[in-house]
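Observations on the model geometry
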Amino acid sequence: LLYDSNRDGRPDTWFIWQRYPEWKELGARLDKNRDGRPDVWTHCDGDLYAEYDKNYDGRIDKWVYKSGVRKLDTDGDGKADEEQDVRTNQTPRLP
């Protein structure tokens, strides 16, 4: 399912559905900077809630989990360098 939230004629939200064995939303893809490519990926199943391409370079650099954990890739290598538990507001550095 495609949606054009700003009515510019180009879809910027893609809803992902599973049809079998019943209709169920799996997640969505959002194009925040209107370049035609997704910048946010949301997930309905599992602990991972969303993935973000915050600097719009085509690579995911932020992960948000339903458990309250956020991870960030601060050096651009595609791996999380920092982790924050938003429930306790603690930010330990990852190895």
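Preceding block: the structure.
Calculation rules
- Residues numbered from 1 in each chain as written.
- Predicted model: local features only at pLDDT ≥ 70, side-chain atom pairs only at ≥ 80, totals over all residues.
- Heavy atoms only, no water.
- Salt bridge = Lys/Arg side-chain N within 4 Å of Asp/Glu carboxyl O.
- Buried < 20%, exposed > 50% of the residue type's maximum accessible area, 1.4 Å probe, protein only.
- Pairing = 2+ DSSP bridges.
- Helix = DSSP H or I, 4+ residues; strand = E, 2+ residues; numbered from the N terminus.
- Phe/Tyr/Trp six-rings, centres within 6.5 Å; stacked < 30°, edge-to-face > 60°.
- Lys NZ or Arg CZ within 6 Å of the ring centre and 35° of its normal.

Applying the stated criterion across every chain yields a total of five salt bridges. A salt bridge links Arg10 to Asp8; the nearest nitrogen and oxygen atoms lie 3.6 Å apart. Using a relative accessible area of 37% as the deciding quantity, one classes Asp8 as partly exposed. The residue Arg37 makes a salt bridge to Asp35 at a minimum N-O spacing of 3.5 Å. Classification of Asp35 as partly exposed rests on a relative accessible area of 34%.

Pairing is antiparallel across the open sheet formed by eight strands, whose spatial order is E1-E2-E3-E4-E5-E6-E7-E8. For this open sheet the edge positions go to strand E1 (2-3) and strand E8 (82-85), each flanked by a neighbour on one side alone. Two elements, E1 and strand E2 (residues 13-18), share two bridges in a ladder whose sense is antiparallel. Its bridge partner lying in E2, Leu2 is registered against Trp14.

Okay, the packing of aromatic side chains next. Tallied over the full model, the rule gives zero aromatic pairs. The ring of Tyr52 carries the charged tip of Lys54 above its face, separated from the ring centre by 5.7 Å. Above the ring of Tyr52, the side-chain terminus of Lys62 is found at 5.3 Å from the ring centroid.

What is shown is where atoms sit, not what they do.
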